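# Understanding the architecture of this molecule
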Protein chains: 2
Amino acid sequence: MNLVLLTEKELVDGLALEDARSVHLLNTVGLKVGASFHLGIKNARRGLAIITSTQPRLTFTVKFEDVVQKRFPLTIIVGLPRPQTAKKVLHDLASVGVDKIIFFDTEKGDAGYATSSLWKDGEWTEHIDKGAEQACSAHVPEVIRCATLTEALANIDAATWKVALDPYEASHALGEGTPAARRAVLAIGPERGWSAAERALLLKNNFDLRHLGDRILRVESAALAGSMIVLSQLKVWEKHRPLAP
Amino acid sequence: MNLVLLTEKELVDGLALEDARSVHLLNTVGLKVGASFHLGIKNARRGLAIITSTQPRLTFTVKFEDVVQKRFPLTIIVGLPRPQTAKKVLHDLASVGVDKIIFFDTEKGDAGYATSSLWKDGEWTEHIDKGAEQACSAHVPEVIRCATLTEALANIDAATWKVALDPYEASHALGEGTPAARRAVLAIGPERGWSAAERALLLKNNFDLRHLGDRILRVESAALAGSMIVLSQLKVWEKHRPLAP
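Residues numbered from 1 in each chain as written. Chains lettered and ligands numbered in written order. Predicted model: local features only at pLDDT ≥ 70, side-chain atom pairs only at ≥ 80, totals over all residues.

## With respect to the sheet that holds strand β8 (residues 161-165) of chain A
The seven strands lie next to each other as β7-β6-β5-β10-β8-β11-β9 (chain A), forming an open sheet whose pairing is parallel. Each end of this open sheet is capped by a strand with a single partner; those strands are β7 (142-146) and β9 (172-173) of chain A. (Pairing = 2+ DSSP bridges. Helix = DSSP H or I, 4+ residues; strand = E, 2+ residues; numbered from the N terminus.)

## Thoughts on the interface of chain B and chain A
Taken together, the contacts link 37 residues of chain B with 37 residues of chain A. Every element with two or more residues in the side of chain B that touches chain A is listed here: α3 (83-96), α5 (123-135) and α8 (219-234) of chain B. Considering each element in turn, the side of chain B that touches chain A owes the most residues, seven residues, to α8(B). Here the residues of the side of chain B that touches chain A are counted per class, giving 17 nonpolar, 13 polar and seven charged. (Contact = placed C-beta atoms within 7 Å. Nonpolar A, V, L, I, M, F, W, Y, C, P; charged D, E, K, R; others polar.)

## So, the environment of Ala170(A)
Among the secondary structure elements, Ala170(A) is positioned in the loop between β8 and β9. On the neighbour-count criterion, Ala170(A) (18 C-beta atoms within 10 Å) is partly exposed. For Ala170(A) and Ala111(A), which are 59 residues apart along the polypeptide, the C-alpha to C-alpha distance reads 28 Å. Non-local contacts of Ala170(A), meaning those with residues more than four positions away in its chain, are made with Leu209(A), Arg210(A), His211(A) and Lys239(B). (Buried ≥ 20, exposed ≤ 12 C-beta atoms within 10 Å, placed from the backbone.)

## Topic: the sheet that holds strand β3 (residues 46-53) of chain A
Residues and elements named next belong to chain A. Spatial strand order, β1-β2-β3-β4: four strands in an open sheet with mixed pairing. One side of each edge strand has no neighbouring strand; the edge strands of this open sheet are β1 (4-6) and β4 (59-64). Averaged over all neighbouring strand pairs, the angle between strand axes comes to 40 degrees, with direction disregarded. Note: β1 against strand β2 (residues 36-41), three bridges, orientation parallel. Of the residues in β2, the one forming a bridge with valine 4 is leucine 39. (Axes fitted to C-alpha atoms, helices over the stretch in contact; angles between N-to-C directions.)

## Concerning the relation of the copies chain B and chain A
Superposition of chain B onto chain A requires a rotation of 180 degrees combined with a translation of 0.0 Å along the rotation axis, giving an RMSD of 0.0 Å. Such a combination of rotation and displacement between the chain copies is what one expects of a two-fold axis. Judged by C-alpha distance, Ala225(B) is the residue of chain B that lies nearest the rotation axis, at 2.4 Å. A share of 100% of the interface residues of chain B reappears at the interface of chain A, consistent with the copies meeting face to face through the same patch. (Least-squares fit on C-alpha atoms with pLDDT ≥ 70 in both.)

## Section: the packing of α3(B) against α5(B)
Two packed helices can be described by the angle between their axes and the distance between those axes. All names here are of chain B. At their nearest, the axes of α3 and α5 sit 7 Å apart, and the two run at 35 degrees to each other. Here α3 runs over α5; the crossing is right-handed. Counted together, Lys87, Leu90, His91, Asp92, Ala94 and Ser95 of α3 and Trp124, His127, Ile128, Lys130, Gly131, Ala132, Gln134 and Ala135 of α5 form the full contact between these two elements. (Left-handed = near helix turned anticlockwise from the far one by under 90°.)

## Here's the deal with the domain arrangement of chain A
All names here are of chain A. In terms of domain boundaries, chain A breaks down into domain 1 (4-64) and domain 2 (74-234). If you average the C-alpha positions of domain 1 and of domain 2, the two centres end up 33 Å apart. Counting from both sides, the interface comprises 10 residues of domain 1 and, opposite them, eight residues of domain 2. At the level of secondary structure, the elements contributing two or more residues to the side of domain 1 that touches domain 2 comprise β1 and β2. Of the residues forming the side of domain 1 that touches domain 2, the biggest block, three residues, is contributed by β2. Among the residues forming the side of domain 1 that touches domain 2, the class breakdown is four nonpolar, three polar and three charged. (Domains from an automatic or database assignment.)

## As for the pairing of strand β10 (residues 184-188) of chain A
Residues and elements named next belong to chain A. The buried fraction of β10 is high, at five of five residues. Residues Ala184, Leu186 and Ile188 line one face of β10 and the alternating positions Val185 and Ala187 line the opposite face, and both faces are buried. Bridge analysis of strand β5 (residues 74-79) against β10 gives five bridges, and the strand direction is parallel. In the strand pairing of β10, leucine 74 is matched with alanine 184.

This is the structure:
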């Protein structure tokens, strides 16, 4: 954990000692009063926190950074995978800093994926939070669940460069050429591939079909690698600035 | 598993029924005599196998593809990570098709990483084999262990584009510009970053320092994403050709 993510309210109230973040900072890392750690207010500023008390709650003061970290203009559309895969996708796409993740129930997918406990009681939020904490970022992606690809496509901005990964039908590799806009949407097929109707819908919506070479990647690997190639093409990356005091 | 990897000898002898690959094909997938599956001879050809017998061993005939799949001209140098991370790196770099992986013991690394059971009795080969099987490829990377970064650098070709990931010191992002050669080496720092001596050695050896933006990624994520961006820049990707009968 390179940063501890919390809410504005937790910043004021401090954290209960039994909270997993307190346990991590005080017991795992072994911090005492006066020690510092990186803190982020979810979807807002980051800063360097100094512990002011460890009893009866963990409290801190924070020196916030002057320049707020950027969100990246990339939306990922992905066929709802099995829960174990979805956890990795949530973590990894949060850590690379995509703006929005839209999951849709696929024609070839298993109905059980959608009713998994991952999607109940906000369990999925834990995985995007961990991804942001790994990345030392306060930004977590917006996550949307849709029943169909049609519904997913209704959630994207028309003035966007639209790309879909398709190992079988694409004639060009991802990374070739120059993006057609400063915002992008990358659609990633479900585990068993796009159905004919889904592929037709993508083409009708002006998606550019691209491949990642002739190796068949897991959904989570294609999502991570595909996002990073598109982010590289969008030229949005700045060097990491350590959150120094 | 999109392909079953075996040796030339296993192709002749068939597989014992208790072999994990037989169990997968016969019990998990439920194949019978006459059914087909994708088969690869390690570091050689792929083909479509037809099961000819399931007693007393699993045997098959194979129709091999005409054109052998390419190996990609990319070597990855990576600071030896904890065994759990090393397993993911081995799997994922095999699945994207890099040619060679060189692990070196790092100045900031834990001595226990090098003596892990992963590196004894060839346990690590299981992870590269699984990566190739996932990718539907017969190619597995060559894997080398070195005691130092100096020794790792002695294992690379001088006429190679040399790039090192460094979130703190790089002034340009990976993916900017054009590769300086048709073969590349990508060096990935250990979990706690490059030491000053390691960074000096990279610069002395004409490595180009690059970053992946301001998010701090896990070693396995940086290895996967970095490899894919460099492969994209090397323009080595062709579309997947299904191994049809």
